[in-house]
Amino acid sequence: QVQLVESGGGSVQAGGSLTLSCAVSGFFYDSQNMGWFRQAPGKEREGVGDIDTDGSVRYADSVKGRFTIAKDKANNTLILQMNNLKPEDTAKYYCAADPILWRLQRGVASSWGQGTQVTVSS
């Protein structure tokens with residue numbers, strides 16, 4: 001079974017940094033488009049960014065310049081490096097994967113992790 005497991009969430013003050021990891025198992029990692037999403041209480045889930053099978057990365061405007069998505073292929077792990085965190089970044093962050101890029105980008109990926117909470121205080 002495909003499995004995605006997020007880790008690295010926690011609490012941080014505004015301006016701080018966190019690194020989230022998504023450990024991937026159950027499928028060929030390099031054949032998957034992968035991305036990060038987040039959802040705050042009472043709000044819709046939104047895309048944070050994604051990386052396709054060629055390694056091209058796209059980011060939401062709200063995080064561009066502050067967040068970085070990368071693959072650690074040796075460890076089958078997707079990384080989300082978050083810098084200069086803001087209170088509005090507070091959300092539960094989810095890793096997702098899908099072999100079809102448009103499905104991932106539309107938030108209907110076939111595989112999702114359980115999420116990890118990020119809380120940014122002012």
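All residue numbers here refer to positions counted from 1 along the written sequence of the relevant chain. It should be noted that, the model being predicted, local features are given only for residues of pLDDT at least 70 and side-chain atom pairs only at 80 or more, the latter also being counted only at that level, while totals for whole chains, interfaces and linings use all residues. Only hydrogens and water are set aside; all other atoms, that is, all heavy atoms of the structure, feed into the side-chain values.

(A) Structural view of the overall build of the protein. Every helix listed is a DSSP run of H or I at least four residues long, and every strand listed is a run of E at least two residues long, numbered separately from the N terminus. Assigned secondary structure in the protein consists of one helix and eleven strands. Written out in order from the N terminus, the α and β elements of the protein read β-β-β-β-β-β-β-β-β-α-β-β. Put simply, the radius of gyration uses C-alpha atoms, and a globule should come to 2.2 Å times the residue count raised to 0.38. Its C-alpha radius of gyration of 13 Å places the protein within 12% of the 14 Å reference for a compact globule of 122 residues. Each principal axis of the C-alpha atoms in the protein carries an extent, and together these give about 40 × 30 × 25 Å. Using a 1.4 Å probe on the protein chains alone, a residue whose accessible area is under 20% of its type maximum counts as buried, one over 50% counts as exposed, and one in between counts as partly exposed. Residue burial in the protein is summarised as follows: out of 122 residues, 43% are buried. Taking as baseline every contact in the protein between residues at least 6 positions apart, the subset at least 24 positions apart corresponds to 56%. Averaging the coordinates of the 12 positive side-chain charges in the protein and doing the same for the 12 negative ones gives two points 3 Å apart. Only heavy atoms matter for contacts: two residues are in contact if any of them lie within 4.5 Å across the pair. By the counting scheme adopted, Arg and Lys are positive, Glu and Asp are negative, and His together with the chain ends is not counted. Lys charges are placed at NZ, Arg charges at CZ, Asp charges at CG and Glu charges at CD.

(B) Geometry of the packing of aromatic side chains. Aromatic pairs are defined between Phe, Tyr and Trp rings, using the six-membered ring for Trp, whenever the two ring centres lie within 6.5 Å; interplanar angles under 30 degrees are classed as stacked, those over 60 as edge-to-face, and all others as tilted. Per the stated rule, a full pass over the model turns up one aromatic pair. By definition here, charges over rings are those cases where NZ of Lys or CZ of Arg is within 6 Å of the ring centre and within 35 degrees of the ring normal. Taking the ring centre of F37 as reference, the NZ or CZ of R45 above it sits at 5.8 Å.

In short, the description is geometric, and any link to function would need to be established separately.
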